[in-house]
Amino acid sequence: MNDKITTFLNSDLLNKYLIGQTTASETLEVEHYISIYPEIEKAYDTLQDKLEFTAQLTTVKAPKLILDNVLNALDEKPVIALKPKRTKKWYSLAIAASVTALLFASSSFYLFNQNKQLSSENQTIADEIFDLRGDIANNNSTLNLLLDQFKQLNNPETEKYILKGNTRAKNLKTVAYINPEDKKSMIDVVSLPQLPDNKVYQIWAELQGKMVNLGVLSEADRRLQEIPYTEDALGLSISIEPKGGSQVRSNDTPVAEISLKIGD
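Keep in mind that this is a model prediction, so the values were computed, not measured. (Residues numbered from 1 in each chain as written. Predicted model: local features only at pLDDT ≥ 70, side-chain atom pairs only at ≥ 80, totals over all residues. Heavy atoms only, no water.)

Novice: Which residues make up the overall build of the protein, and what values go with them?
Specialist: Across its full length, the protein carries six helices and eight strands. Mapped in sequence order, the helices and strands of the protein form the string α-α-α-α-α-α-β-β-β-β-β-β-β-β. Relative to its 264 residues, the protein shows a buried fraction of 26%. Put simply, of all contacts in the protein between residues at least 6 apart along the chain, 62% involve residues at least 24 apart. Carbon and sulfur atoms provide 56% of the accessible area of the protein, an area that totals close to 18000 Å². (Helix = DSSP H or I, 4+ residues; strand = E, 2+ residues; numbered from the N terminus. Buried < 20%, exposed > 50% of the residue type's maximum accessible area, 1.4 Å probe, protein only. Contact = heavy atoms within 4.5 Å. Areas by Shrake-Rupley, 256 points an atom, 1.4 Å probe, with all protein chains shown as cover.)

If you want it as structure tokens, here you go:
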């Protein structure tokens, strides 16, 4: 056996060729050596038979003694020389199939995660749109209310009445807007002096000697708001009542009161 054959057999090219890991140029080199050197062709056939037989034994496990005897017999007995084929071997196809399956599984997992993330993002966007629609609806409602109040304030039929506190509530100031034509009343709480926790301010309308409850006033209500309209009311007054309000005005002198023109 010449040095060229020995060098080739000592290299790893033949094994790499068997499992399909040679480059294009290495494949051409191996097949050239197999075709011109019988020794290399025989070594190739022997390695191929061992690889195929060993692969089969991994599927059906044989007793170690039998396996050793068979492998030894393969080493001692001559084998029929076969020309190298240019088609892929079954084990190369198995490797390719495994790689394909792995890539398919990885791709499926990636697509699943992407789809899950996209679904989550879509739900987030849908929730934000829903909240935005709710905000728009609330803003439109508030805007419509403000526009309606603005129209009432600028209506020539709307009368403006300022109620200022007496010595018992010097800093009290509220503004009432009454439109007898549209039968609407509004009040703007400008300032209310602080009261004990068990007391509240309450507004009343005077109607033919009877005081009609129009509601409790609070610092939290410092905004223009509607109050019940009282037909033919003679005046408005604010008194201090027990916490929660009262259905009958106390006998104490009101802290603020005013007569209404519409009662004339």
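Okay, back to it.
Novice: Please give an account of empty space enclosed by the protein that cites residues and values.
Specialist: Over the atoms rolls a probe the size of a water molecule, and in doing so it shows where empty space is left. Taken as a whole, this structure holds one cavity of 30 Å³ or more when the rule is applied. Put simply, the largest cavity is a space of about 70 Å³. Looking at the largest cavity, it is lined by 15 residues, and the ones nearest its centre are Ile178, Ser185, Pro228, Thr230 and Leu236. When contributions to the lining of the largest cavity are tallied by element, the ones reaching two or more residues are strand E2 (173-179) and strand E3 (184-191). The element contributing the most residues to the lining of the largest cavity is E2, with three residues. Split into classes, the residues belonging to the lining of the largest cavity amount to 13 nonpolar, two polar and no charged. (1 Å grid on protein atoms, 1.4 Å probe; cavity = no way out; pocket = protein on both sides within 12 Å on 5 of 7 lines; lining within 4 Å. Points joined across faces, edges and corners; volume = space filled by probe spheres on them. Nonpolar A, V, L, I, M, F, W, Y, C, P; charged D, E, K, R; others polar.)

Novice: Could you give an account of unusual backbone geometry, naming the residues involved and the relevant values?
Specialist: The backbone of lysine 183 shows a phi angle near 55°, a positive value even though the residue is not glycine. Residue position: lysine 183 is located in the loop between E2 and E3. A positive phi is found at aspartate 232, a non-glycine position, where the angle reads about 65°. Within the secondary structure, aspartate 232 sits in the loop between strand E6 (224-227) and strand E7 (235-242). Classification of aspartate 232 as partly exposed rests on a relative accessible area of 47%.

Novice: Outline the sheet that holds E7, listing residues and values.
Specialist: The strand order E5-E4-E7-E8 describes an open sheet built from four strands, whose pairing is antiparallel. Only two strands of the sheet have a single neighbouring strand rather than two, namely strand E5 (210-217) and strand E8 (256-259). Averaged over all pairs of adjacent strands, the angle between their axes in this sheet comes to 30°, without regard to strand direction. (Pairing = 2+ DSSP bridges. Axes fitted to C-alpha atoms, helices over the stretch in contact; angles between N-to-C directions.)

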